[in-house]
Amino acid sequence: MSYILGIVIFALDVWAIASIINTNVATSTKIIWILLVAILPVVGLIIWWLAGPKANYGAGA
């Protein structure tokens, strides 16, 4: 049963990293946020959700 929680955390981390990549912030900032989420999966995900850059889905023409 714990593997389901692991899969959910992994999926949320992949989503967070994809969202970070789709922001308009500087590349160095993206790298820092991606490393935070990758190294500290649960804590990094929570910190990113509260304070990190959000994606620009649907922005543009």
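A quick note: this is a predicted structure, and the numbers were derived from the prediction, not measured.

(A) Broad picture of the packing of aromatic side chains. Summed over the entire model, instances satisfying the criterion amount to one aromatic pair. With 5.3 Å between their ring centres and 85° between their planes, Trp-15 and Trp-48 make a pair best called edge-to-face. In this pair, Trp-15 is assigned in helix α1 (residues 2-21) and Trp-48 in helix α3 (residues 41-51), connecting sequence segments 33 residues apart. A relative accessible area of 2% places Trp-48 in the buried class. In this structure, Lys-54 packs its charged tip against the face of Trp-48, placed 4.9 Å from the ring centre.

(B) Examining the UniProt feature "transmembrane region" (unreviewed entry) in the protein chain more closely. Mapped onto the present numbering, the UniProt feature "transmembrane region" (unreviewed entry) falls on residues 32-51. Taken as a whole, residues 32-51 contains 95% helix and 0% strand, while its terminal C-alpha atoms sit 13 Å from one another.

(C) Representation of the side chain of Asp-13 in the model. Within the element layout of this structure, Asp-13 appears in helix α1. There is no salt bridge for the buried Asp-13, and the closest opposite charge comes from Lys-54, which lies 13 Å off by N-O distance. If we ignore the near neighbours within four places in the chain, the residues touching Asp-13 are Val-37, Pro-41 and Leu-45.

(D) Representation of the nonpolar core. If you look at the biggest cluster of nonpolar residues, it comprises six residues: Ala-16, Ile-20, Trp-33, Val-37, Leu-45 and Trp-48. Listed by contribution, the elements that provide at least two residues to this core are α1, α2 (27-39) and α3. Leaving out residues up to four positions away in the same chain, Trp-48 has contacts with Trp-15, Ala-16, Ser-19, Ile-20, Trp-33, Val-37, Pro-53 and Lys-54.

(E) Inspection of α1 at higher detail. Its 20 residues place the ends of α1 29 Å apart at the C-alpha level, agreeing with the 28 Å of an ideal helix rising 1.5 Å per residue. Those residues of α1 that sit buried are Asp-13, Ala-16, Ser-19 and Ile-20. All buried residues of α1 fall inside an arc of 125° around its axis, so they share one side. Structural note: α1 exposes Tyr-3, Ile-7 and Phe-10 on the side pointing more than 90 degrees away from its buried face. As for α1, its buried residues are in contact with α2 and α3.

Calculation criteria
- Residues numbered from 1 in each chain as written.
- Predicted model: local features only at pLDDT ≥ 70, side-chain atom pairs only at ≥ 80, totals over all residues.
- Heavy atoms only, no water.
- Phe/Tyr/Trp six-rings, centres within 6.5 Å; stacked < 30°, edge-to-face > 60°.
- Helix = DSSP H or I, 4+ residues; strand = E, 2+ residues; numbered from the N terminus.
- Buried < 20%, exposed > 50% of the residue type's maximum accessible area, 1.4 Å probe, protein only.
- Lys NZ or Arg CZ within 6 Å of the ring centre and 35° of its normal.
- UniProt positions renumbered as here; feature names shortened; annotations may be inferred.
- Lys, Arg positive; Asp, Glu negative; His and termini not counted.
- Salt bridge = Lys/Arg side-chain N within 4 Å of Asp/Glu carboxyl O.
- Contact = heavy atoms within 4.5 Å.
- Core = buried A, V, L, I, M, F, W, Y, C linked by side-chain atoms within 4.5 Å.
- Expected span 1.5 Å × (residues − 1).
- Arc of directions from axis to C-beta.

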